[in-house]
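Below are the chains, spelled out letter by letter.
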Amino acid sequence: MKATGIVRRIDELGRIVIPKEIRRTLRIQESDPLEIYMGEDGCIELKKYSSVGGLRDVAEEYVQALNGAFGLTAAVTDKESCVAAAGRQRRWLLDKPLMDNLRRRLLGRQVIEERNAPLIEGQETPFSALLGVPILLEGDSVGGVFLLSAEGGPVLADGALQSLKTGALYLGRLLNV
């Protein structure tokens, strides 16, 4: 755990203010849900809540099926980062933050189709093709489903968009239960 040097007092209602610098760094916005964890050593951890993260096992199976069907890297994300991935780039994608422009487009409920684009922050080699569909929960985007083609790899097939739409709809319905 990294010390910040910032000390805050708890008010009479049990509230504590998370400093603006930390909220900005962690992309925590007003009304974002946070999960509270208690460590065995007396630590309290706050983590951004991800409804899609609760489907990690199902998302893992889904991306493996997409990878097997299309031969492409597949990923499921929440609003902030990659939750599940299958394919060659799996290790480099998992738990990494999404590119800001992709995150904004997902939140705007847009289908994303890009050429020579990275999926995550700091990605050195962009994907030659990137296709993404938002996962919707009660009309709001909570994440996305992506197929990604690396340079020299397979190209996006005709049925790819429909498969992603089907998967995004299915994951959204699972979240709604």
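Computed from a prediction, not measured in an experiment: that's the story for all the values here. Per chain, residue numbering runs from 1 following the sequence as it is written. Side-chain atom pairs in this predicted model are given and counted only at pLDDT of 80 or more, local residue features only at pLDDT of at least 70, and totals for whole chains, interfaces and linings cover all residues. Each side-chain value is derived from all of the structure's non-hydrogen atoms; neither hydrogens nor water enter the calculation.

Participant: Would you mind going over the environment of Pro19 with me for this structure?
Facilitator: Numbering goes from the N terminus for both helices and strands, where a helix is a DSSP run of H or I of at least four residues and a strand is a run of E of at least two. By the element assignment, Pro19 lies in the segment before α1 (20–25). Summary of the burial criterion: residues with accessible area below 20% of their type's maximum are buried, those above 50% are exposed, and those between are partly exposed, where the area comes from a 1.4 Å probe applied to protein chains only. Given the relative accessible area of 7%, Pro19 is considered buried. Separated by 11 residues in the primary sequence, Pro19 and Arg8 have C-alpha atoms spaced 8.7 Å apart. Every residue in contact with Pro19, bar those within four places of it in the chain, is listed here: Ile6 and Arg8. Two residues qualify as a contact provided that any one of their heavy atoms is within 4.5 Å of a heavy atom in the partner residue.

Participant: Whenever I open this one, the pairing of strand β1 (residues 34–38) confuses me. Can you help?
Facilitator: Each regular strand shows side chains that alternate between the opposite faces of the sheet. When DSSP finds at least two bridges between two strands, those strands are taken to pair. Here β1 runs beside strand β2 (residues 44–48); their pairing, made up of five bridges, is antiparallel. Across the sheet, residue Met38 finds its bridge partner in β2, namely Ile44. Taking the residues between adjacent antiparallel strands as the criterion, β1 and β2 are bridged by five residues, where Gly42 takes a positive phi near 85 degrees.

Participant: It is not clear to me how the confidence of the model for the protein should be interpreted in this structure. Could you clarify?
Facilitator: Detailed reading of predicted coordinates is not advised where the pLDDT is low. Across the protein, pLDDT averages 87, with 95% of residues at or above 70. Values of pLDDT, which run from 0 to 100, indicate the predictor's confidence residue by residue. Strand β3 (residues 73–78) holds the highest mean pLDDT among the elements of the protein, 94, whereas β2 holds the lowest, 80.

Participant: What am I meant to see in the nonpolar core here?
Facilitator: What tends to happen in soluble globular proteins is that the nonpolar side chains get buried as a cluster. Put simply, a nonpolar core is a bunch of buried Ala, Val, Leu, Ile, Met, Phe, Trp, Tyr and Cys residues held in one set by side-chain atoms that sit within 4.5 Å of each other. In terms of nonpolar packing, the biggest core is built from 25 residues, with Leu66, Val76, Ile135, Val145, Leu147 and Leu164 touching the most fellow members. Aside from chain neighbours lying at most four places away, what touches Leu66 is Gly71, Ala74, Val145, Leu147, Ser163 and Leu164. With 16 residues, the next largest nonpolar core counts Leu93, Leu94, Ile120 and Phe127 among its residues.

Participant: I tried to follow helix α5 (residues 160–175) on my own but got confused; where do I start?
Facilitator: Taking 1.5 Å of rise per residue, the 16 residues of α5 would be expected to cover 22 Å, and the 23 Å separating its terminal C-alpha atoms lies within 8% of that figure. Taken together, the buried residues of α5 touch α2 (56–70), β3, β6 (127–137) and β7 (140–149). What a helix should span is 1.5 Å times the count of its residues minus one.

Participant: What exactly am I supposed to notice about the pairing of β7 here?
Facilitator: Of all 10 residues in β7, nine are buried; the element is thus mostly enclosed. Pairing of β3 with β7 involves six bridges; the strand directions are antiparallel. Bridging across to β7, Ala75 finds its partner in Phe146. Inspection of the sheet shows β6 paired to β7 by nine bridges, in the antiparallel sense. Following the sheet pairing, Ile135 is matched in β7 by Gly143. Counting the residues between successive antiparallel strands, the hairpin from β6 to β7 contains two residues, one of them, Glu138, with a positive phi of roughly 55 degrees.

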